[in-house]
Amino acid sequence: MAQHKRAVSTLVLLLLLLFFSASTNATRPPATLRIPVVHRDAVFPPPPGASRGSLLSRRAAADAARYAALKASLCLRRSSAHDDRLHSPVMSGLPFDSGEYFASIGVGTPSTTALLVIDTGSDLIWLQCKPCRRCHRQMSLLYDPKDSSTYRQIPCSSPRCFPRQGCDSSTGACGYTMVYGDGSGSRGNLATDRLVFSNDTSVDSIVIGCGHDNEELFDSSAGVLGVGRGTGSLATQVAPTYGRYFAYCLGDRTSVARSSASYLAFGRTPEPPSTAFTPLLSNPRRPNLYYVNMAGFSVGGERVAGGFCSSGLWLDPANGRGGVVVDSGTSISRLPRDAYAALRDAFDARAAAAGMRRLARGISVFDACYELRGASVPAVTLHFAGGADVALPPENYFIPEQGGRYHCLALEATDDGLSVVGNVLQQGFRVVFDVEKERVGFAPNGC
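Residues numbered from 1 in each chain as written. Predicted model: local features only at pLDDT ≥ 70, side-chain atom pairs only at ≥ 80, totals over all residues. Heavy atoms only, no water.

Peer 1: Lay out the overall build of the protein chain in plain terms, naming residues and giving numbers.
Peer 2: Scanning the protein chain from N- to C-terminus turns up seven helices and 29 strands. Residue burial in the protein chain is summarised as follows: out of 447 residues, 55% are buried. Of all intrachain contacts in the protein chain linking residues separated by at least 6 positions in sequence, the fraction that spans at least 24 positions is 70%. Accessible surface, the protein chain: about 18,900 Å² in total, of which carbon and sulfur atoms supply 54%. (Helix = DSSP H or I, 4+ residues; strand = E, 2+ residues; numbered from the N terminus. Buried < 20%, exposed > 50% of the residue type's maximum accessible area, 1.4 Å probe, protein only. Contact = heavy atoms within 4.5 Å. Areas by Shrake-Rupley, 256 points an atom, 1.4 Å probe, with all protein chains shown as cover.)

Here it is in structure tokens:
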């Protein structure tokens, strides 16, 4: 009898443990937060007959404005005694036809779907809101905070009111102003609301900017999903639950399919064995960007030696120059002028040996354009610090122009000490931002 009672007691205890375990698992958030991503052209197709390579070269003008903003101060600061502004380093919304990737996210309760530009250089999630004094055209519904039962305006007295932000004296609301490189931007108030992701996963009380006055720049998208290293970015706000770790894969930008294997995911998962890691660096002058050092590059299987100063690819924290920024919003990658010239000349020599004909003139911003003549494309590998070698698929650095009649080396030169690995070069890689372990990883075929 005693043994029977002990057996029953053990069974009851096991059932209780199973019940509480199931209850805990039901309320526990998932281990990762995964967000589907689409390229802009899958949502807003280009005009019939438009060459996708030509579209990319035209978007380079927008890249130039974004790049000018990257050079600005990335710190929160007052521009004058009467002008409280948050100065962003990046043109995060990006102009129409600029090559951005969108995340589809629900905002509020019930949720309104918003297409937000993914921006690793921005520290604020913001979207256009009703009432809208001045709003650009967007393709999704305009978010109305009055329709959301979980919307809460942030007062100026709240610790969640970011430092040095404006305050609406009539309502006591914490304001924000995002100013971009060409003078455009977004203005409104800070609030908290619920964000809804794929599979009905949601995160409560996320700080967002509710933009009521938005100028010119962000046509088509509803706003910006900032995933930079600052306090207000989504990456930082979800870190207590998912850790300081996220990854994305930006899929084939030339695909016309609306369905996409692209994604943005928060939370640590096993990395593919092919992931090449390089140390993540911090630039005191630009603290919210993801910096890495580049050790050099190879063309056609041979390391390019000489002809450029390698120190330009390494970050100097004392003056904030050098190093390479891994950026999801810039399309075209940029290298110091001497490094770019060395890579281009090595590529040119290999291309000529393979039978390509270089055009006498460049196309758009690209100065090295070719007629293929059936030749194979010289291989390009980037070498990052720590022994991380990233072999690039040809479509990531050699793009079609004029309907595929010609192809151009999709890189540009810079003279101001700020180099960028843009989203064209990252295409198809799983790019890992592991802030906890201070490293950035690249895994091929990551989508």
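On we go from here.
Peer 1: Residues and numbers for the UniProt feature "active site" (unreviewed entry) in the protein chain, please.
Peer 2: The UniProt record marks Asp119 and Asp327 with the feature "active site" (unreviewed entry), using the residue numbering of this structure. These residues run over 209 residues, yet every pair of their C-alpha atoms falls within 7.4 Å of each other. Here Asp119 is to be found in strand E5 (residues 112-119). Looking at the element boundaries, Asp327 is found in the loop between strand E18 (324-326) and strand E19 (333-336). The class of Asp327 is buried, set by a relative accessible area of 1%. Among the polar contacts made by the side chain of Asp327, one reaches the side chain of Thr120 at a distance of 3.3 Å. (UniProt positions renumbered as here; feature names shortened; annotations may be inferred. Polar contact = N/O pair within 3.5 Å; in protein donor to acceptor, adjacent residues only side chain to side chain.)

Peer 1: Could you give an account of helix H6 (residues 337-354), with specific residues and numbers?
Peer 2: For H6, which comprises 18 residues, the first-to-last C-alpha distance of 25 Å matches the rise-based estimate of 26 Å (1.5 Å per residue) to within 8%. Here H6 has its buried residues at Ala339, Tyr340, Ala342, Leu343, Arg344, Phe347 and Ala351. One or two steps after H6, the chain reaches Gly355, where phi turns positive at roughly 110°. (Expected span 1.5 Å × (residues − 1).)

Peer 1: Could you give an account of the pattern of salt bridges, with specific residues and numbers?
Peer 2: For side chains of opposite charge, pairing can occur when their charged atoms come near one another. Going through the model one piece at a time under the given rule, you end up with 13 salt bridges. For Asp213, the salt bridge goes to Arg134, with nearest N and O atoms at 2.9 Å. With Asp213 in strand E10 (residues 202-215) and Arg134 in the loop between strand E6 (125-128) and strand E7 (152-153), this residue pair connects regions lying 79 residues apart in the sequence. The buried category is assigned to Asp213, whose relative accessible area is 15%. By relative accessible area, Arg134 is classed as partly exposed at 42%. Linked by salt bridges that have partners in common, Arg268, Glu271, Asp434, Glu436 and Arg439 make up one network. (Salt bridge = Lys/Arg side-chain N within 4 Å of Asp/Glu carboxyl O.)

Peer 1: I'd love a proper account of the sheet that holds strand E25 (residues 406-409), names of residues and values included.
Peer 2: Spatial ordering of the open sheet is given by E20-E21-E25-E24, a layout of four strands whose pairing is antiparallel. This sheet does not close on itself; its edge strands, each paired only once, are strand E20 (357-358) and strand E24 (398-401). (Pairing = 2+ DSSP bridges.)

Peer 1: An account of the confidence of the model for the protein chain is requested, with residue identities and associated values reported.
Peer 2: Scored by pLDDT, the protein chain has a mean of 80; 75% of the residues are at 70 or more. The low-confidence segment residues 1-27, where pLDDT is below 50, has zero contacts with residues more than four positions distant or belonging to other chains. Under a pLDDT of 50 for its full length, residues 73-98 has, in the predicted model, 93 contacts with residues more than four places off or in other chains. (pLDDT = per-residue confidence, 0-100.)

Peer 1: Could you give an account of the state of the cysteines, naming the residues involved and the relevant values?
Peer 2: Here a disulfide denotes one covalent bond, and it connects the sulfur atoms of two cysteines. What the rule picks out here adds up to six disulfides. At a sulfur-sulfur separation of 1.3 Å, the disulfide partner of Cys132 is Cys135. Residues Cys132 and Cys135 share a disulfide whose torsion about the S-S bond is about 55°; that sign makes it right-handed. In this model Cys369 forms its disulfide with Cys408; the gap between the sulfur atoms is 2.0 Å. Note on the Cys369 and Cys408 pair: the S-S dihedral is about 105°, so by sign convention the disulfide is right-handed. You can see Cys369 sitting in strand E21 (residues 369-371) and its partner Cys408 sitting in strand E25, a full 39 residues away along the chain. The exposure class assigned to Cys408 is buried, which follows from its relative accessible area of 0%. (Disulfide = S-S within 2.5 Å.)

Peer 1: Tell me about the nonpolar core, and name the residues and values.
Peer 2: Counting residues in hydrophobic clusters, the biggest one holds 75 residues, and the most contacted among them are Leu234, Leu264, Phe266 and Phe297. Here this core takes six residues from H6, the largest share from any one element. Counting only domains with at least three residues in this core, you end up with domain 1 (33-45 + 52-71 + 84-265) and domain 2 (271-443). Excluding anything up to four places from it in sequence, Leu264 contacts Leu33, Arg34, Ile35, Val37, Ile118, Leu225, Val227, Phe246, Ala247 and Tyr248. Counting eleven residues, the second largest nonpolar core, distinct from the first, contains Leu124, Trp126, Ile154 and Tyr176. (Core = buried A, V, L, I, M, F, W, Y, C linked by side-chain atoms within 4.5 Å. Domains from an automatic or database assignment.)

Peer 1: Got a sec to walk through the sheet that holds strand E23 (residues 388-392)? Specific residues and values, please.
Peer 2: Strand order in the open sheet made by the four strands is E17-E16-E22-E23, with antiparallel pairing throughout. Either end of the sheet is taken by a strand with one partner, and the two such strands are strand E17 (302-303) and E23. The pairing of strand E16 (residues 294-299) with strand E22 (residues 380-384) spans five bridges and is antiparallel. Opposite Gly296, over in E22, you have His383 as the bridge partner. On the sheet, H6 packs against E16, E17 and E22 and is oriented at approximately 15° with respect to E16. (Axes fitted to C-alpha atoms, helices over the stretch in contact; angles between N-to-C directions.)

Peer 1: Quick rundown of unusual backbone geometry? Include the residues and the values.
Peer 2: Look at the link from Thr109 to Pro110: it is a cis peptide, with omega at -5°. Among the structural elements, Pro110 can be located in the loop between strand E4 (101-107) and E5. Each neighbour pair has its own omega, and for Lys130 with Pro131 the value is -10°, a cis peptide bond. Tracing the backbone through its elements, the reader meets Pro131 in the loop between E6 and E7. Phi at Gln402 is positive, roughly 50°, even though this residue is not glycine. Within the fold, Gln402 resides in the loop between E24 and E25. We classify Gln402 as partly exposed; its relative accessible area is 43%. Even without being a glycine, Asn445 presents a positive backbone phi close to 55°. Position of Asn445 among the secondary structure elements: in the segment after strand E29 (439-443). According to the relative accessible area criterion, Asn445 is exposed, its value standing at 78%.

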